[in-house]
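So the chains spell out like this:
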Amino acid sequence: MDPQELLSLCRRRGFLWPAYDIYGGLAGFYDYGPLGSLLKNNIESHWRKLYVFEEGLHELVCPIIAPEPVFKASGHLDAFADMYAECRQCGESHRADHLADGLHENPAALSEEELGRILEENAVKCPACKGDLSPPRRFNLMFKTSVGAGSAKAGYMRPETAQGMFVNFPQIYRHGREKLPVGAVQIGRAFRNEISPRQGVLRLREFSQMEAEVFFHPERKTWPRFDKVKHEVLPLVPNDGSPAALSLAEAVSSKVIANEALAYFIWLTHRFAIDVGLDPERIRFRQHEKDEMAHYAAECWDLEAETAYGWVELVGIADRGCYDVQAHLKHSGADLTAFERFDEPREVVSEEVKPKYDAMGGQFKGKTKALAERLSALAPDVVRGKSEIVVEVDDERFAVPSTCFEVVTRTEKAAGEKFVPHVIEPSYGVDRILYSVLEHAYRKKDDYLTLTLRGIMAPIKAGVFPLMPKDSMDRIALEVYDVLVAEGISAHYDESGSIGRRYARMDEVGTPCCITVDHQTVEDGTVTIRDRDSKEQARIGVDEVVRWVRSVVKGDSPGPDGGFETAEKRGN
Ligand code: ATP
C-alpha cells in the first residue's frame, strides 16, 4: 500500500495533522486531531489496563524537564548521540549510519572515522541533491534548556520517561511495601532532536512513550504469572539463528531469552499488540545484535511490525541489569538499594563511610553534624579512592577532603542484606503503534476505504442516523445517541447526505457499527444496526442498542487464564 494514501486519510478525517502547518510546519512534530486523540487515548487506556490494573504496577507522572546530573548519571549526556553528515551543497543533514545501510552490517556501531571511510570509499552523496557530504559528526539528541533566571541551571527535556522512575526507586519500593518485584509505569511525552525525522509519525522529535520499569532481585527475575503463559509460542527471531518456533519455557531454558521475567513481558507485549489490532502475521520479536544494544542494555528484544516502510520497531523490551539504579546511586549518593531479610540472622561483613568528627569540626564548624550525616549515608564505592567529596547542605556545596572520612569494615549479625535491584523495561512508542494499527486496519476496495479497527480501539463506537431528519426520526435518533453517550460509549450523530454516504464516512474512520432510525422505528420501536466489516444488518429493539453496541465493541482479551481473542478469530 502507498503510505501517502493512509496519511492523506489521517489528515482529511482528523487523525493526524502536521504541526504548525500555517507557518510551513516543523519537521518531526505532529498534532493529533479529534479522532487521532481518541485513538491514542484508547491505546494508552488499554496499556494502562494491562500494566497497572492487571499486573499491579504503579503509575507515576514525573516532570518532562530534568536537571543535568540526572542525564550525566544515566549516560545520556555522554552517549545518547547519533552521527550526521551535512550536504555541502544543499545544507541538509542526514543520519550518517543510515547513509551506510547495505554497506556494513551495523553502521550505527562504527566510529565516526570508520563510518566516514566507508561513505568516502563508496562515494556516497547527498540523497536529496547528490552534493558532497561532510565527514560524519556525533550529535547529542537531547534538547537542552535552562531552568530559572540569571545564573540558570542547565536542564534537558527527557529523551525517555524512564529516568523519572529510576530516581524514584526508594519511593516506589516503599509504596510496594518493600517487596520485589515491584514496578512503576509512566505514559508521557519524550523528546529527541532526531537528525532526519521522516515517515510520518514513525520518527518524531516529540513523541509519546508508555514505559514500565520493573525492579527485581538480581537472581530472581521471574514473574508470578509466567507459568500461565509459558507454553505459548511467539514469533521470535533470535540473534544466533536458533529455531524460532520455541515455547517461552523452551526459550528460557535454552537461554534464547535470558530469564522468565523478560519472557513474560515479551508475552504481555504480544498480547497488547493483538489486542490493539496489529496483524499477528505481520509482527515479530527480534533480538538485538550484541553491538546494536543501547549503552544501558544487557539484553534487548524489539517488537517489530511490518509496514509500508519496512519492519519498524514499536517496542523495546530490555534487561537493563543494575545499570541505571547503580549509576544514580553513584552520582547522587542516595541509598537506592533494596533489602532482603534472611531466614535466620547471618554474620555479614559490611563496609560503611565513617565521618571523622575531630578533623571535620575545625574546618566546617556549625555544619559538621549535617555534613557528617550526609557522608554516613553515602555508599563506600562513592567515596573510595577520592581525594575529596562534594556534599550539599542547605543549598551550599562543601568539598570535604578524604582526611575527614574513612571506609570502615564491620562484622555483625545481620537480619538481611542490601543490594542494587535489576530492571526489566518494556518501552512502547505510542505514535509508531498508532500508525501501525492504522496501516494494518487499512482496506481499500474499488476506492472504498475501510479501517477495520478493533472495537476497543475505534475512536467512534457507533454512528447514529435518522433515515431523514423529520417525522420524529431525528428526535428518536438523538435520544439513542444521548443514551449511548450517557453510557460512556463514544457515538456520532449524522443526519446529512444519503444513508450510504453516511455509512461510508463511518467505515472510513473505523466505526464498528451504525444505527439507523427509520419509519418502522416510529411504529414499532425497532432500529437497523449495521456491522462495518460484514455489512450485515439486523433489526433490534431500541432498548437493546446499548447491549448490542457493547458486545460489538468489547473485543477485549480476558487475560492469561482465558487466552486472548485474536484479530483472526474475529475474522479481521
Ligand atoms: P530507533 O532505533 O528507531 O531510533 P530506539 O531504539 O532509539 O529507536 P528506544 O529508545 O528503545 O528507541 O525507545 C522506545 C520506543 O520509543 C521505540 O520502540 C519507539 O516506538 C519509540 N520511539 C523512539 N524514538 C522515537 C521517535 N523519534 N519517534 C517516535 N517514536 C520513537
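Residues numbered from 1 in each chain as written. Predicted model: local features only at pLDDT ≥ 70, side-chain atom pairs only at ≥ 80, totals over all residues. Heavy atoms only, no water.

Draft legend 1. Spotlight on the domain arrangement of the protein. Splitting the protein by domain gives domain 1 (3-80 + 141-322 + 425-430), domain 2 (82-139), domain 3 (351-413) and domain 4 (450-570). On a C-alpha basis, the centres of domain 3 and domain 4 stand 69 Å from each other. (Domains from an automatic or database assignment.)

Draft legend 2. Region of the structure containing the site of the ligand. Around the ligand there are 15 residues in total, and Glu-194, Arg-203, Leu-204, Glu-313 and Leu-314 lie nearest to it. Gln-209 is positioned with one of its side-chain polar atoms (N or O) 3.4 Å from an oxygen atom of the ligand. Within the complex, the protein chains bury 83% of what would otherwise be the 600 Å² of accessible surface of the ligand. The leading source of residues in the shell around the ligand is strand β15 (residues 310-321), at four residues. In the shell around the ligand, the residues fall into six nonpolar, four polar and five charged. (Near = heavy atom within 4 Å. Polar contact = N/O pair within 3.5 Å; in protein donor to acceptor, adjacent residues only side chain to side chain. Areas by Shrake-Rupley, 256 points an atom, 1.4 Å probe, with all protein chains shown as cover. Helix = DSSP H or I, 4+ residues; strand = E, 2+ residues; numbered from the N terminus. Nonpolar A, V, L, I, M, F, W, Y, C, P; charged D, E, K, R; others polar.)

Draft legend 3. Main features of the pattern of salt bridges. Applying the stated criterion across every chain, the model contains 44 salt bridges. Arg-271 is the salt-bridge partner of Glu-54, the closest N and O atoms lying 2.9 Å from each other. One end of the pair, Glu-54, is in helix α2 (residues 34-54); the other, Arg-271, is in helix α11 (residues 260-275), with 217 residues separating them in the sequence. A relative accessible area of 24% means that Glu-54 is categorised as partly exposed. Using a relative accessible area of 0% as the deciding quantity, one classes Arg-271 as buried. Between Arg-320 and Glu-160 there is a salt bridge, with its nearest N and O atoms 3.5 Å apart. Of the two residues, Arg-320 sits in strand β15 while Glu-160 sits in the loop between β9 (153-157) and α7 (162-166), which places them 160 residues apart along the sequence. The exposure class of Arg-320 is buried, given its relative accessible area of 1%. With a relative accessible area of 5%, Glu-160 lands in the buried category. Among the charged side chains, a network of salt bridges with common partners joins Asp-82, Arg-95, Asp-97, Glu-194 and Arg-203. (Salt bridge = Lys/Arg side-chain N within 4 Å of Asp/Glu carboxyl O. Buried < 20%, exposed > 50% of the residue type's maximum accessible area, 1.4 Å probe, protein only.)

Draft legend 4. Structural view of the sheet that holds strand β14 (residues 299-307). If you trace the eight strands from one edge of the open sheet to the other, you get β3-β10-β11-β20-β15-β14-β13-β12, paired in mixed fashion. Each edge of the open sheet is held by one strand with a lone partner, namely β3 (58-59) and β12 (236-237). Where β12 and strand β13 (residues 283-287) come together, two bridges link them in parallel fashion. Directly across from Leu-236, in β13, lies its bridge partner Phe-285. Across the sheet, α2 lies against β3, β10 (182-191), β11 (206-216) and β20 (422-429), angled at about 0° from β11, the strand it touches most. (Pairing = 2+ DSSP bridges. Contact = heavy atoms within 4.5 Å. Axes fitted to C-alpha atoms, helices over the stretch in contact; angles between N-to-C directions.)

Draft legend 5. Here's a closer look at the sheet that holds strand β4 (residues 65-67). The strand order β4-β9-β8 describes an open sheet built from three strands, whose pairing is antiparallel. Since the sheet does not close on itself, it has two edges, and those belong to β4 and β8 (144-147), each with one partner. Sheet twist, expressed as the mean angle between neighbouring strand axes with direction ignored, is 45°. Looking at chain direction, β4 and β9 are connected through three bridges and run antiparallel.

Draft legend 6. Just a nonpolar patch on the surface, in detail. Taken together, the side chains of Tyr-20, Ile-22, Tyr-23 and Leu-26 present a nonpolar region at the surface, about 570 Å² in accessible area. Mapped onto the elements, Leu-26 comes out in the loop between β1 (16-18) and β2 (30-32). Take Leu-26: its relative accessible area is 45%, and that puts it in the partly exposed class. (Patch = residues over 30% accessible without salt bridge, like charges linked within 9 Å, V, L, I, M, F, W, Y side chains within 5 Å.)

Draft legend 7. Looking closely at the packing of aromatic side chains. Across all of its chains, the model carries 19 aromatic pairs by this definition. Here Trp-47 and Tyr-51 contribute two aromatic rings whose centre-to-centre distance is 4.3 Å and whose plane-to-plane angle is 15°, an arrangement assigned as stacked. You can see Trp-47 and its partner Tyr-51 sitting in helix α2, four residues apart, about one turn around the helix. Judged by relative accessible area, which is 0%, Trp-47 ranks as buried. One aromatic cluster is present, formed by Trp-47, Tyr-51, Phe-216, Trp-223, Tyr-264, Phe-265, Trp-267, Phe-272 and Tyr-428 through successive ring pairs. (Phe/Tyr/Trp six-rings, centres within 6.5 Å; stacked < 30°, edge-to-face > 60°.)

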